[in-house]
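# A closer look at the structure
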Amino acid sequence: MKTKILLGSAIAALAFAAPVALRAQQLPAPVIAVVDIDEIFRTCTQCVAANTALQGQGTRLQQRVQALQQQIQAEGTQLEPLVRALNGAQPDAALAARINQFQTMQQNAEREIGASREGIQRNINFIRQQIGERVRPAVSTIAQQRGATVVLDAGSLVTSSPALSITTAVLAIVNQNSAPFNVNAPAQAPAAQPGARPTPAPAQPNRPRPQGR
């Protein structure tokens, strides 16, 4: 009988404490702010300068593509009647060498253009990384000042009230840093060949042991 009374008291105590525990777990209402990250990436002072530099890289690549295309087209125009005149016969050594050179020219051009495009894409990603490193602390600062507990990117929202926007304030902080962005990403380390073993460290020369006194 005593055991039943104790169990009943314990269950009653838990039932009484449950509403209190539930109330303690409730979260406060969020204070939401909205920032337009894309606008900052486009309009911050150093962002504009970096974008201009990237546009210059793209223009130079396009000029290089046109130059390579003209070289390939000119050589192809000269080779076409010579190859047609063979009428299926094998070319002589000189013409065969010239055809091989033409094919090598095409392959080299494709590799060069591909590498340049990849380099520009790495530069774009590198600049966005640097901008993000300035935007994140600026967003945190303004959110703390405004009492915001949640900050959303305007690019992921269907609509929001202009009163929630902190973009202008964040942009002002980002513009306080006048250091230009590096528009050239670090060179990539060469990829390791499959099955390749790491180069062992050079052996250290044996040092003579000190003679005992």
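Quick look at the packing of helix H3 (residues 45–86) against helix H4 (residues 93–146) now. H4 packs onto H3 with a crossing angle of 170° between their chain directions and a minimal axis gap of 10 Å. Between H3 and H4, the angle falls in the class roughly antiparallel. Its residues placed into classes, the contact of H3 with H4 shows 21 nonpolar, nine polar and six charged.

Turning next to the nonpolar core. Membership of the largest hydrophobic core comes to 24 residues, with the highest contact counts inside it found for Val-35, Ile-40, Cys-44, Ile-131, Val-135, Val-170 and Val-174. Only strand S1 (32–35), helix H2 (37–43), H3, H4 and helix H5 (167–175) provide two or more residues apiece to this core. No other element matches the seven residues that H4 contributes to this core. Those residues within four positions of Val-170 in sequence are excluded, and the remaining contacts are Val-35, Ile-40, Val-135, Ala-138, Val-139 and Ile-142.

Turning our eyes to something else, we now look at H3. Note: α-helices contain 3.6 residues per turn, so residues at a spacing of three or four share the same orientation. For H3, with 42 residues, the first-to-last C-alpha span of 62 Å sits near the 62 Å given by 1.5 Å per residue. Considering bend angle alone, the principal kink of H3 is centred on Leu-79 and spans about 30°; proline Pro-81 follows within four residues of it. Phi turns positive, to about 55°, at Asn-87, one or two residues after H3.

So, on to the confidence of the model for the chain. Of all residues in the chain, 77% have pLDDT values of 70 or greater, and the mean over the chain is 85. By mean pLDDT, the top-scoring element of the chain is H5 (97), and the lowest-scoring one is helix H1 (residues 2–25) (54).

In this structure the tally under the stated criterion is three salt bridges. Linking Arg-98 and Glu-75 is a salt bridge whose minimum nitrogen-to-oxygen distance equals 2.8 Å. Remark: Glu-75 occurs in helix H3 and Arg-98 occurs in helix H4; sequence separation between them is 23 residues. Of the charged contacts in the structure, one is a salt bridge between Glu-80 and Arg-84, with a shortest N-O distance of 3.0 Å. Of the two residues, Glu-80 and Arg-84 both sit in helix H3, four residues apart, roughly one turn of that helix.

Before going further, it helps to examine unusual backbone geometry. Notably, Asn-87 is not glycine yet its phi reads approximately 55°, a positive angle. With respect to the helices and strands, Asn-87 occurs in the loop between H3 and H4. What makes Asn-87 exposed here is its relative accessible area of 73%.

Before going further, it helps to examine the environment of Asn-184. By secondary structure assignment, the location of Asn-184 is in the segment after H5. Sequence-wise, Asn-184 and Phe-126 are 58 residues apart; in three dimensions their C-alpha atoms are separated by 7.6 Å. At 3.4 Å, the side chain of Asn-184 and the side chain of Gln-57 are in polar contact.

A few words now on the packing of H4 against H5. Look at H4 against H5: their axes get within 9 Å of each other, and the N-to-C directions meet at 130°. Looking at the two axes, H4 sits oblique to H5. As for how H4 packs across H5, the hand of that crossing is right-handed. Together, Arg-134, Val-135, Ala-138, Val-139, Thr-141, Ile-142 and Arg-146 of H4 and Ala-169, Val-170, Ile-173 and Val-174 of H5 make up the contact between the two elements. Considering only residue class, the contact of H4 with H5 consists of eight nonpolar, one polar and two charged.

Definitions and cut-offs
Residues numbered from 1 in each chain as written. Predicted model: local features only at pLDDT ≥ 70, side-chain atom pairs only at ≥ 80, totals over all residues. Heavy atoms only, no water. Axes fitted to C-alpha atoms, helices over the stretch in contact; angles between N-to-C directions. Helix = DSSP H or I, 4+ residues; strand = E, 2+ residues; numbered from the N terminus. Parallel < 35°, antiparallel > 145°, perpendicular 65-115°, else oblique. Nonpolar A, V, L, I, M, F, W, Y, C, P; charged D, E, K, R; others polar. Core = buried A, V, L, I, M, F, W, Y, C linked by side-chain atoms within 4.5 Å. Buried < 20%, exposed > 50% of the residue type's maximum accessible area, 1.4 Å probe, protein only. Contact = heavy atoms within 4.5 Å. Expected span 1.5 Å × (residues − 1). Bend = angle between axes of the 7 residues up to and from the residue. pLDDT = per-residue confidence, 0-100. Salt bridge = Lys/Arg side-chain N within 4 Å of Asp/Glu carboxyl O. Polar contact = N/O pair within 3.5 Å; in protein donor to acceptor, adjacent residues only side chain to side chain. Left-handed = near helix turned anticlockwise from the far one by under 90°.

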